[in-house]
Amino acid sequence: MGKLEIKKCSCGCRHFCAVEKVHNGAGAVTLVPDMIQKYKKTLVVADENTYGAFKAGRGDISEKNTYFVIFPAKPVLVPDEAAIATVEKTLDEQTEVIVGIGGGTVNDLCKHIAHTHDLYYIYVATAPSMDGYASDGAALILDGMKVTLKARPPHIIICDTNILCNAPIELIRAGVGDILGKFSCLNDWRLAHIIKGEYFCNEIYTRVYNCAKQVADNGQRIVNREPLAIKQLAQALIDVGVEMSYAGSSRPASGSEHHLAHFFEIYSLEHGKQHRPHGIDVGCAAYFTALLREKIIESSTEPSFDFCRQSHFKPLEQLLPRAYEGIRQLQDRVGLHGNATGNYDMTQIKGVLKQAPTAAETAKMLAAAGLAPNSLIDFYSKETVINALRYGKELKDRFTVLWLYEYLGWEMLNL
Ligand SMILES: [Zn+2]
Ligand SMILES: [Zn+2]
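Residues numbered from 1 in each chain as written. Chains lettered and ligands numbered in written order. Predicted model: local features only at pLDDT ≥ 70, side-chain atom pairs only at ≥ 80, totals over all residues. Heavy atoms only, no water.

**Section: the pattern of salt bridges**
Where charged atoms of side chains with opposite charge meet at close range, the side chains can pair. Across all of its chains, the model carries 20 salt bridges by this definition. Here Asp-136 makes a salt bridge to Lys-150, at a shortest N to O gap of 3.2 Å. Here Asp-136, found in the loop between strand 7 (120–125) and strand 8 (137–142), pairs with Lys-150, found in strand 9 (residues 145–150); they are 14 residues apart in sequence, far enough to count as distant. A network of salt bridges, in which partner residues are shared, links Asp-131, Asp-178 and Lys-182. (Salt bridge = Lys/Arg side-chain N within 4 Å of Asp/Glu carboxyl O. Helix = DSSP H or I, 4+ residues; strand = E, 2+ residues; numbered from the N terminus.)

**Observations regarding the coordination of the zinc ion (ligand 2)**
For the zinc ion (ligand 2), the protein coordination sphere consists of Asp-178 (OD), Asp-178 (OD), His-258 (NE2) and His-278 (NE2), at 2.1 to 2.8 Å. Each of the 4 donor atoms around the zinc ion (ligand 2) contributes to a set of angles spanning 51 to 140 degrees, which defines the coordination as irregular. The sequence pattern formed by the donor residues of the zinc ion (ligand 2) is D-x79-H-x19-H. Here Asp-178 is found in helix 6 (residues 169–180), whereas its partner His-258 is found in helix 11 (residues 256–270), with 80 residues between them in sequence. Exposure remark for Asp-178: the relative accessible area of 0% places this residue in the buried category. (Donors = N, O, S within 2.8 Å, 3.2 Å for Na, K, Ca; no water. Tetrahedral: all angles 85-135°; square planar, octahedral: opposite > 155°, others 65-115°. Buried < 20%, exposed > 50% of the residue type's maximum accessible area, 1.4 Å probe, protein only.)

**A few points about the nonpolar core**
Counting residues in hydrophobic clusters, the biggest one holds 126 residues, and the most contacted among them are Ile-98, Phe-263 and Leu-320. Top element by residues in this core is helix 10 (residues 227–247). It accounts for 12 residues. Per-domain counts for this core show at least three residues from each of domain 1 (5–167) and domain 2 (172–198 + 251–412). The contacts of Phe-263, once residues within four sequence positions are left out, are Leu-316, Leu-319, Leu-320, Thr-384, Asn-387, Ala-388, Tyr-391, Gly-392 and Leu-395. Residues Ala-28, Val-44, Tyr-51 and Val-97 belong to the second largest nonpolar core, which totals 20 residues. (Core = buried A, V, L, I, M, F, W, Y, C linked by side-chain atoms within 4.5 Å. Domains from an automatic or database assignment. Contact = heavy atoms within 4.5 Å.)

**Some remarks on the coordination of the zinc ion (ligand 1)**
Coordination sphere of the zinc ion (ligand 1), protein contribution only: Cys-9 (SG), Cys-11 (SG), His-15 (NE2) and Cys-201 (SG), at 2.1 to 2.4 Å. The coordination sphere of the zinc ion (ligand 1) comprises 4 donor atoms, whose angles at the metal cover 101 to 118 degrees; the geometry is tetrahedral. On the primary sequence, the residues serving as donors to the zinc ion (ligand 1) are separated as C-x1-C-x3-H-x185-C. Accessibility expressed as a relative area gives 1% for His-15, which makes it buried.

**Quick look at the sheet that holds strand 4 (residues 41–47)**
Strand order in the open sheet made by the 6 strands is 3-10-7-6-4-5, with parallel pairing throughout. The strands lining the two open edges of the sheet, one partner per strand, are strand 3 (21–25) and strand 5 (66–71). When the angles between neighbouring strand axes are averaged without regard to direction, this sheet yields 15 degrees. Note that strand 7 and strand 10 (residues 156–160) share 4 bridges and pair parallel. Bridging from a neighbouring strand, Val-124 pairs with Ile-158 of strand 10. Sheet strands touched by helix 3 (residues 81–90): strand 4, strand 5 and strand 6 (95–102). Its angle to strand 5, the strand with the most contacts, is close to 165 degrees. (Pairing = 2+ DSSP bridges. Axes fitted to C-alpha atoms, helices over the stretch in contact; angles between N-to-C directions.)

Right under this line is the structure:
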């Protein structure tokens, strides 16, 4: 693989991704020992399950000059201050390379640590569950808030088809869900472009769209664990991460559907409840954002920006007491509340909304991979889904269809 760089894009930007090498295929994991040989000291980070999957897939790392941080399988690893401290405790001056083995959480944690401590970083995926492999952001939970810190992507990404094919089916479905969510966030991106004049790159848009299309066409083969289909899913997950690096933000890969998923995650964390794998929630949430787009297309209401901010935030104080203060500060900075700036030509807006798949089309794509949108309601309750549709956007600084939903009044969607 050559250098990941597009020197001259039609959008006027130079796009760059700092990943040096990707190994995607059967047996890729056997390359690890050679890769780390030249370093003084290696730190391996995994959890019991992912390290087990690595070993079962013939992954092997000699214990010589290697230190291991293997988190327990339960409770599920949260990439928060405590987890960061656990890894940092093991680092010393001799540590030159970090090998992260696992899913999104391990990758986010290691990305952050490799970045802050300037370490070479090799990431071994154990499940095709999310698209953050190659992105330059690390999603962490700090102070109870889901934040994405600037990091750098792994220097080397390893996706071994033998390991990925044996991943838990929920995690394979999660990878499909994360990718199917792209139809939703790409539409949000275009929306933000025409309304708010946000930066937009048509080439990134098209490449991410094609990744989503390819996964959508192969949902069934993927959940049947066909090696070629799994390899293609892994490639889509890698490629989308590269596109995020190219865009310099997660904009091409994360929009309203992710904001709903983040709401479920933070809500569950705050209330000591379980949440489902990220991509499962993202995929199912994309159905609800599709529903929202349809309702807006049908609606004859004009946007209104003058609602009372105080009362708007009140329920959030109860719903997310820990994150509330951070959310309030964030929204003060973002300034989208009551902000009428932008081009709110509803004919043009509806034209963009119509480009996204309908709710029925989304449900069909999800069903092929065994994902049922209503499982969101079954798992988190109808009330929580409604709250996510209203307040999910408050967790982020990004304009999406969820803001339009607010400006048009919340009542149009009857779940
Ligand atoms: Zn571009
Ligand atoms: Zn995602």
